[in-house]
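Residues per chain are reported as follows:
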Amino acid sequence: MEKTKIESKKINVYYGDKKALSNITLDIPEKKVTSLIGPSGCGKSTFLRCLNRMNDTIDICRIEGKILVDGEDIYDTKLDPVLLRARIGMVFQKPNPFPKSIFDNVAYGPKIHGLTNSSDELQLLVESSLKKAGLYNEVKDRLNEPGTSLSGGQQQRLCIARAIAVSPEVILMDEPCSALDPIATAIIEELIDEISKNFTIVIVTHSMQQAARVSNQTAFFHMGNLIEVGKTDQVFSTPKEKKTQDYITGKIG
Amino acid sequence: MSNTKIIRESLKKRHLAESRFKAYGILGIISATLFLMAILSTIYIEGKSAFKSTYIKINIFYDPSIIDPEGTRDIEEIKFANYRKIIKNSLKNYFPEVIGREELKNLISFISSSEEENLMKAVLENNELIGSDKIVWLKASSTIDVINKNPEMKNLPESNRLISDQELVWFNKLVLSGDVKFGLNKDFFLKADSTEPEQAGILGSILGSFFTLLITLILSFPVAVAAGVFLEELAPKNKFTDFIEININNLAAVPSIIFGLLGLAIFLNLMHLPRSAPVVGGMVLALMTLPTIIIATRVSLKAVPPSIREAAIGLGATKFQAVIHHVLPLAVPGIATGTIIGMSRALGESAPLLLIGMVAFIVDIPGSFVDSATVLPVQIYLWKSTAARGFVELTAAGVIVLLTFLILMNALAIFVRNKFEKKW
C-alpha cells in the first residue's frame, strides 16, 4: 500500500469574489508522479500553488479547507511558509533561472537555508544536483556562465537542479514543458521518471500524452471542480466520468 | 467590388496618413533642435567672453617708502601698506601728462581693485621685490574690460560709453603700445561672488551646490529606496498604503517653493538651523527629491519580471531575501537613473533655496555644510539682477557652467543605465 504524502480536504479557493476551486479533496501518494490535467482555467495550477502556499503572494487570493503534508496542516498559522517551500520545491511554466551564473543558481537555495558548511561541500552539492537533473555533463565546463545563456530545455533542467539542491520532499511542476520543443520535453520527461524514485512529484500539464507517459496517478479538473482521480492507466483507458471521457478524447477542452 | 480592390483604393489614403504623421514628427524635432541651438548659441556667444578678461601691462615699482618705510620687513607692515598708491605711482610714470587729482582717480580706476591684494601677496611671498621694478600684467577693471571686449563702443557718444573721452585716449594709448591683452579669467573659476564683475567667480556657488547636493543625496537616496522597496514589495496592499501612494505621487507634483516654505518654517524657525547653509538647502531639496526617487524605485521594481520573485520564493527565500538578492539588483539601473535625474533637478532648483536664505551675497567660498553659501542657479539669478554691465556675460557664463554640470549628470545617468542593465 502506498503512503499518502499530501492530503487535501475540501479546498475552496477564491480570487476576490470569483471562486476558482470548489471542494477539492485529493490525496497525493509519496514518491509517485501525480499529474493534474484539464482545460485552461480549470484551476489545476491554482491547486498546485496551494500546495506550497505560493498563492499567499497574491493578495486577493483566499483559501478554505485543509492541506496536510505528512499529516501536518500547512495552513496552520504556526507553520512558516518559508519552511514549507523549502520542503516543497517548485518548477515553473517558463524557465526562470536567476540572472546569475549556473553555479549560483543551484547554490542559492542551499546558501539561504545554510545547508552546507563549507564551499567544498557546496561545490559537491551543486554538482550532484546538476547530475541528478541530467545537466552536469553539458555545463560542467561553464558553471560560471550565466544561467540564462542556456537553451530553454537546459534552463528548465537548471531550474529542476535548483529545486533539487534544497532536497525537498515534494517537487511541484507547473507545465514545465509548455515552453519547450519535443526533444527537450522528452529529456525532461525522462528526468521526471528518474527523480520520482526519490521525490514526490505533482505535475500540471496540458498534454494528455505527457500525463499518460510520466504519471502514476492522474486528476482531471474542470471548471474548478475535481471531476475524476485515479490510476493513470485507468483514467485514460476506462474513465468513470463522461466529462473525463470527453476531455481525453478531445471533445472538450 | 472585390475586397482586393477596396483595400487597394484605401491604401493610398492610409499610407498618406502615415507619411503626414512622419512629417509632423520631423518638423517637431527640427524646430525643437533649432530653438535649442538658438538658446545654446546665444548663451555661448554672450557668456564666452566672461572666461577671459583684460590685462594691462605696467611697470610696478615696489616702493620701499610705501611698503616698508622703516625697513623692518614686518609682516603686518607689509600687509597693510598702501598698494593702491604703488599702482597709482606706476600709472603716473606711464602717463606723465596726467596730473590732476580727479584725473588720477579716473586713471587708477582702470585697474581692478583686486590687484592691490595680489601685489601684497606677491610681496609677502618674496620680500626681495621691495625696492625693485617689475613688469606685471594687472587685471583691468570691468569698465575697461567691457570696452576692450566690445570695441564698437568706442564709437559711441561719450554719454553712452561708460568711459569719458579722456579715458578713451588713455586706453587707446595703452592698446597702441601693446600693453593690453586678453588672458584667462582665473578669478571666475577660483572666487566667489563680488560686487565688481571682474572679480566675481563661480567657485563659491559650485561648492555651495556641491555641499547642498551631497546632503540631498545622503538624506534622500537611502530613505527613498527603502521606502520604495517597502511600499512595492513588502507592504500589504490596503487603503492605508494606497493613501500613502497617492500622497507620494502628489508630493512629486508639489511646486518646489512649497518645500522652501516648509524648510523656512521647520528647519529655520523651529529647529533654528543656520540660515543660508547648504545643510538646510540639502534637507529641503532632499524632501523635494524623495518622491521622485521613491517613484523611480517602485517603477524599476515593478519592471522586474515576477518570475524572478517566484523562483526565489519557491525555493524558500523570504520575501525580503527575494527582494534583496534578486529583485533589487535588477532594479538598480532604473533606481540610479531616477536618482541622478532627481539630483539634476535639485541642482537646477532655486525657488525653495531663496526662502531659506541661500540667496545672500556671499564673497567667501564655503568650506563646510554650515557655512553661508549660494548655489549655481541662485548665483545666476543674483548676477542677472545686478545692473552693472559686466554681470551680463557673467550670467551667461554661469548658465554655461550650470548646463555643463547638468549635461554631465544626465550623461552619467545614461552611462549607468547602459552599463548596469543586465541583458542576459
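Just so it is clear, the structure is predicted and the values come from calculations on it, not from any experiment.

### Regarding the sheet that holds strand β4 (residues 61-69) of chain A
Residue and element names in this part refer to chain A. The antiparallel open sheet is built from four strands, whose spatial order is β2-β1-β4-β5. In this open sheet, the two strands that pair with only one neighbour each are β2 (18-29) and β5 (72-73). Note: strand β1 (residues 4-15) against β4, eight bridges, orientation antiparallel. Opposite Tyr15, over in β4, you have Cys61 as the bridge partner. The strands touched by helix α1 (residues 44-51) within the sheet are β1, β2 and β4, with β1 carrying the most contacts at an inclination of about 120°.

### Some thoughts on the nonpolar core
By size, the foremost hydrophobic cluster in this structure holds 137 residues, and its most contacted members are Ala161(A), Leu172(A) and Val202(A). In terms of residues, this core owes the most to one element, helix α13 (residues 278-303) of chain B, which gives 12 residues. Apart from residues no more than four positions distant in its own chain, Val202(A) is found in contact with Ile28(A), Thr34(A), Leu36(A), Leu48(A), Leu51(A), Val170(A) and Leu172(A). With 26 residues, the next largest nonpolar core counts Ile86(B), Ile87(B), Phe110(B) and Ile163(B) among its residues.

### Brief notes about the interface of chain A and chain B
Contacts between the two partners involve 23 residues from chain A and, on the opposite side, 16 residues from chain B. For the side of chain A that touches chain B, the secondary structure elements donating two or more residues are α2 (81-87), β6 (88-91) and α3 (102-113) of chain A. Ranked by the residues each element gives to the side of chain A that touches chain B, the list is headed by α3(A), at four residues.

### Quick notes on the domain arrangement of chain B
Partitioning chain B into domains gives domain 1 (3-48), domain 2 (51-184) and domain 3 (203-420). Put simply, the middle of domain 1 of chain B and the middle of domain 2 of chain B, counted by C-alpha atoms, are 57 Å apart.

### Observations regarding the sheet that holds strand β2 (residues 133-139) of chain B
Whenever strands of a sheet pair, they do so through backbone hydrogen bonds, lying parallel or antiparallel. All names here are of chain B. Reading across from one edge, β2-β1-β3 is the order of the three strands in this open sheet, with antiparallel pairing throughout. Taken across any chain shown, the strands that pair with only one partner, and hence form the sheet edges, are β2 and β3 (180-184). Strand-to-strand twist in this sheet, taken as the mean axis angle between neighbours without regard to direction, amounts to 40°. Direction of pairing for strand β1 (residues 52-61) relative to β2: antiparallel, over a ladder of seven bridges. The residue of β2 that forms the bridge with Lys57 is Trp137.

### Focus on helix α6 (residues 114-125) of chain B
Residues and elements named next belong to chain B. Compared with an ideal rise of 1.5 Å per residue, which puts 12 residues at 16 Å, α6 spans 17 Å between its outermost C-alpha atoms and is within 8% of the ideal. Here α6 has its buried residues at Glu115, Leu119 and Val123. Seen end-on, α6 carries its buried residues on one side only, within an arc spanning 85°. Across from the buried face of α6, at angles greater than 90 degrees, the exposed residues are Lys121, Leu124 and Glu125.

About the cut-offs
Residues numbered from 1 in each chain as written. Chains lettered and ligands numbered in written order. Predicted model: local features only at pLDDT ≥ 70, side-chain atom pairs only at ≥ 80, totals over all residues. Pairing = 2+ DSSP bridges. Helix = DSSP H or I, 4+ residues; strand = E, 2+ residues; numbered from the N terminus. Contact = placed C-beta atoms within 7 Å. Axes fitted to C-alpha atoms, helices over the stretch in contact; angles between N-to-C directions. Core = buried A, V, L, I, M, F, W, Y, C linked by C-beta atoms within 7 Å. Buried ≥ 20, exposed ≤ 12 C-beta atoms within 10 Å, placed from the backbone. Domains from an automatic or database assignment. Expected span 1.5 Å × (residues − 1). Arc of directions from axis to C-beta.

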